[in-house]
Amino acid sequence: MPTNDTPDRDFRTLLHSLRVWDRIPLPTLDPESTPTTPLPLFRTWLREAAEAGQPEPHVMTLATADADGRPSTRVLTLHDADEDGWHFGTHSTSRKGRELAARPDAALGFYWPAQARQVRIEGSVLSGTPEAATADLHARSTGALAAALTGRMSEILTSQAELAAASEASWARAEANPTLSAPTWTLYSLVPREVEFFQGDARRQHVRLRYRREGDTWVRDLLWP
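Residues numbered from 1 in each chain as written. Predicted model: local features only at pLDDT ≥ 70, side-chain atom pairs only at ≥ 80, totals over all residues. Heavy atoms only, no water.

Chemist: What am I meant to see in helix α5 (residues 142-150) here?
Modeler: Because each turn of an α-helix spans 3.6 residues, side chains separated by three or four positions end up pointing in the same direction. Three or more residues of α5 are buried, namely Ala144, Leu145, Ala146, Ala148 and Leu149. Where α5 is buried, its residues touch β4 (85-91), α4 (130-138), α6 (160-176) and β7 (185-199). (Buried < 20%, exposed > 50% of the residue type's maximum accessible area, 1.4 Å probe, protein only. Helix = DSSP H or I, 4+ residues; strand = E, 2+ residues; numbered from the N terminus. Contact = heavy atoms within 4.5 Å.)

Chemist: Before we go on, may I ask you to explain the pairing of strand β1 (residues 59-65) in this structure?
Modeler: The two faces of a sheet get side chains in turn, since along a regular strand they alternate between them. Sheet analysis places β1 next to strand β2 (residues 71-77), joined by seven bridges and oriented antiparallel. By the bridge assignment for β2, threonine 61 is matched with valine 75. Count of turn residues in the β1/β2 antiparallel hairpin: five residues, of which glycine 69 carries a positive phi of about 90°. Both β1 and strand β5 (residues 105-112) contribute to a ladder of three bridges, which runs antiparallel. By the bridge assignment, alanine 63 is partnered in β5 with alanine 107. (Pairing = 2+ DSSP bridges.)

Chemist: For this particular structure, what's the right way to read the packing of α5 against α6?
Modeler: Packed helices, taken two at a time, are described by their axes: the angle between them and the distance between them. Direction vectors running N to C along α5 and α6 enclose 125°, while the axes themselves pass 8 Å from each other. Considering their axes alone, α5 and α6 lie oblique with respect to each other. Between α5 and α6 lies a crossing of right-handed hand. Of the residues in α6, those in contact with Thr142, Gly143, Leu145, Ala146, Leu149 and Thr150 of α5 are Ala166, Ser167, Ser170, Trp171, Arg173, Ala174 and Glu175. For the contact of α5 with α6, the class distribution of residues is six nonpolar, five polar and two charged. (Axes fitted to C-alpha atoms, helices over the stretch in contact; angles between N-to-C directions. Parallel < 35°, antiparallel > 145°, perpendicular 65-115°, else oblique. Left-handed = near helix turned anticlockwise from the far one by under 90°. Nonpolar A, V, L, I, M, F, W, Y, C, P; charged D, E, K, R; others polar.)

Chemist: Is there a simple way to think about the side chain of histidine 91 in this case?
Modeler: Along the chain, histidine 91 turns up in strand β4. Sequence-distant contacts of histidine 91, that is, excluding residues within four places in its chain, are made with Gly97, Ala147, Ala148, Gly151, Met153, Thr184, Trp185 and Tyr188.

Chemist: Explain the nonpolar core to me, please; I cannot follow it from the model alone.
Modeler: The nonpolar side chains of soluble globular proteins are, as a tendency, buried together. Core analysis: the largest hydrophobic core is formed by 28 residues, its most contacted members being Phe42, Trp86, Phe110 and Val119. Those elements that place two or more of their residues in this core are α2 (38-51), β1, β4, β5, β6 (117-127), β7 and β8 (207-214). Among the elements that make up this core, the one with the highest residue count is α2 (five residues). Those residues in contact with phenylalanine 110 that lie beyond four places of it in its chain are Phe42, Pro57, His58, Val59, Met60, Leu78, Trp86, Arg117, Gln118, Val119 and Ile121. Listed in part, the ten residues of the second largest apolar core include Leu137, Leu145, Ala174 and Leu180. (Core = buried A, V, L, I, M, F, W, Y, C linked by side-chain atoms within 4.5 Å.)

What follows is the structure in structure tokens.
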């Protein structure tokens, strides 16, 4: 007869049965051959993740904290990565927008299991200009513009019907006038002070390569896994 701990035991059994990286050939990372700055390696890894069949390699986790230091995370898409930082967009009135206004520091996390790779980025966050935000919206899809026009991100929703009606209205506006702007949509840039590249190994001899900024230069360190 099942006991009260059966669901817990079944769940733990499931977790213990899951495997990581055991059945796929993994790339390697030679720290001695890496570039002196993290951006070129990041771009290479993202491209290689896409070529390896990793779904949505541009999707990342963004971690922020409120004024009291309480953290929160969410998943969103990378809009660009260049010498000015790693770029993403959201409404300034959303939870993450409010948290970034109160505490403009954040972390990003990328995970590409197809190649057992992770990238972790920490730094300060800057808000872009309204012109940059509008250009970002117009460079993307009609759906992205419609979602931005719908707005009200993180507010309480009374029903899915309310969302459906607002979404349909925003789609109509976006299709009729693709040059519209969304007043609270903001393009943010995370300016990195630390970037870590993690290359997984089936024997758990993982390679962790950390770039940390010292003044105008980057210093590379290896970390114990």
